[in-house]
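Structural overview
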Amino acid sequence: MFQYPRSIHKIGDTTVSMVRGEDADYLKVDGPNPGFAGTCAAGEGFFPLDHANTVLLRKLFPFCAPKPILTSMRTVGVGDRLGIATPGHLRVFEKYDAIPVLAQQSIRELTLTNRTFGDVLDCATRAVFREDFQRGYGADGDHLKTDSEVEYALGEGYTMLTLDCSEHIRNDVLGMSAGQVAAEYAGNAELESIYLGKTFDAEGHGVTFGEDDFRRTCLIYCKAIDHAVAIYRKHVEGRPVDFEVSIDETMTPTTPVQHYFVANELARRGVKIATVAPRFCGEFQKGIDYIGDLKQFEKEMAVHAAIARTFGYKLSIHSGSDKFSTFPIIGRLTKGNFHLKTAGTNWLEAMRVVAKTDPALYREIHAYALDTAFAEARKYYHVTTDLGKIPPLDTLDDSSLEGLFDQNDARQLIHITYGLILTVKDASGAFRFRDRLFRLWREHEEEYSSRLEKHIGRHLEMLYDGFSR
Ligand SMILES: [Zn+2]
């Protein structure tokens, strides 16, 4: 049986390593057994990579466990929706000094892929052990909204919380007239004395709170700030946990006044944040490059980055997959001090492998996505996909299928339908695609890893271009 060469680790008189079985990887234990349990097809001295044994791996070999990492200069979240992307991701982080967040899922992603926080973290742990990645990594409970979601992530050992405040942010205020705002605003003497009519400095950028601006900002964000403060005090304060506050899921871009207000209020109330995710101008749609005015983006990014530095945290850039035209700007204006989140792009690379190695299966899935899944999936995602621009499958020969992944509309079609593709069942109750897909990906693991290395590598290369040249 093939033994992963970097997986050989000693603890006392025992050597623990990982081997590749036909359908699964196993643990191999030579010497006194430190407590691994269960049986597997490989026979005596081998153990299944189940949850209990993975927990023990983290205990015996602490480099396999996640830790808070957001205070490092550069960090990049690379969610692994399928649980098979980490070996490819790690090849990238061997070459750059950025620290990865390898486990990174939102509750929505967990639901759509039928997974748990525990399973996502276990997959990262195994890959880190197998590849002997000793530089540390984070585990992010992404876009958590409620107390119980936060508890769930922390209970599974996650070291980073991304608190999504969107349900406490008022989106109706921007459409109000000044009169309506004045009527809704109840008055707050304390906040008025701090902000009203004042100008604050962020590295030379003046941030001024005029009356209407101030009132609107209070109405939009005060509840969200209360929520962040409450979660912080209950779950984060005094613990080794990275805390990110995300205000990116709003209808309009975050203004400098709004960003400054949120940052200053959190600081004033004793909340230590590692990162804030504002919403930037333009569109950060799934799986494709930035849509919008890059000059405007650059202008706003400069102010947001300055505010973040003023308060001593990093900017977090969400939906960062494939936003190549923004990367040099982000790298430069943050001075190489950033957190970037990518998520779904590793799924697209996985599907590209399918298109290349099993055209018939790909055609089946593509047709399902087009005819059935897309209409359902687009309820959850903001995309401007034009299905009419995707070349009909019967006009493409097998060798051209891969080219679909260079076309934005086809990318988004496959990108947003992942949950349905992975979980759809046939009439007999068996998964329609899932088992075939995972078999294929296991068979073509090297191809998948080298694609990820190239694709995620390009993200890092362009970010680093911004500050290292
Ligand atoms: Zn987000």
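Computed from a predicted model, the values in this text were never measured in an experiment.

What to know about the nonpolar core
One broad rule of soluble globular proteins: the nonpolar side chains tend to lie buried together. Core analysis: the largest hydrophobic core is formed by 121 residues, its most contacted members being Ala124, Leu161, Ala228 and Val276. Examining the composition of this core, we find that ten residues originate from one element, helix α8 (residues 211-236), more than from any other. Look past the residues within four positions of Ala228 in its chain and what remains in contact with it is Leu163, Cys165, Val245, Leu266 and Val271.

Digging into the environment of Cys40
Tracing the sequence through the fold places Cys40 in the loop between β4 (25-30) and β5 (46-48). Accessibility expressed as a C-beta count within 10 Å gives 16 for Cys40, which makes it partly exposed. Along the backbone, Cys40 and Asn53 are 13 residues apart, and their C-alpha atoms lie at a distance of 12 Å. Not counting the four nearest positions on each side in its chain, Cys40 is found in contact with Tyr26, Phe46, Phe47 and Pro48.

Overview of the packing of helix α12 (residues 345-357) against helix α17 (residues 445-468)
The N-to-C vectors of α12 and α17 enclose an angle of 135 degrees; their axes lie 10 Å apart at closest approach. On the basis of the axis angle, α12 is oblique to α17. The handedness of the crossing between α12 and α17 is right-handed. Contacts between α12 and α17 pair Thr345, Asn346, Glu349, Ala350, Arg352 and Val353 from the former with Glu447, Tyr448, Arg451, Leu452 and His455 from the latter.

Topic: the environment of Thr254
Within the element layout of this structure, Thr254 appears in the loop between β12 (242-246) and α9 (256-268). Classification of Thr254 as buried rests on a count of 25 C-beta atoms within 10 Å. For Thr254 and His235, which are 19 residues apart along the polypeptide, the C-alpha to C-alpha distance reads 26 Å. Once you skip the residues sitting within four places of it in the chain, Thr254 turns out to touch Ile247, His259, Pro278 and Arg279.

Looking at the domain arrangement of the chain
Split into domains, the chain comes out as domain 1 (2-60), domain 2 (64-344) and domain 3 (346-452). A separation of 29 Å is found between the C-alpha centroids of domain 2 and domain 3. Taken together, the contact between domain 2 and domain 3 spans 18 residues of the former and 21 residues of the latter. Tallying contributions element by element places helix α2 (residues 86-93) first for the side of domain 2 that touches domain 3, with four residues. Grouping the amino acids of the side of domain 2 that touches domain 3 by side-chain chemistry returns seven nonpolar, seven polar and four charged.

Basis of the calculations
Residues numbered from 1 in each chain as written. Predicted model: local features only at pLDDT ≥ 70, side-chain atom pairs only at ≥ 80, totals over all residues. Core = buried A, V, L, I, M, F, W, Y, C linked by C-beta atoms within 7 Å. Buried ≥ 20, exposed ≤ 12 C-beta atoms within 10 Å, placed from the backbone. Helix = DSSP H or I, 4+ residues; strand = E, 2+ residues; numbered from the N terminus. Contact = placed C-beta atoms within 7 Å. Axes fitted to C-alpha atoms, helices over the stretch in contact; angles between N-to-C directions. Parallel < 35°, antiparallel > 145°, perpendicular 65-115°, else oblique. Left-handed = near helix turned anticlockwise from the far one by under 90°. Domains from an automatic or database assignment. Nonpolar A, V, L, I, M, F, W, Y, C, P; charged D, E, K, R; others polar.

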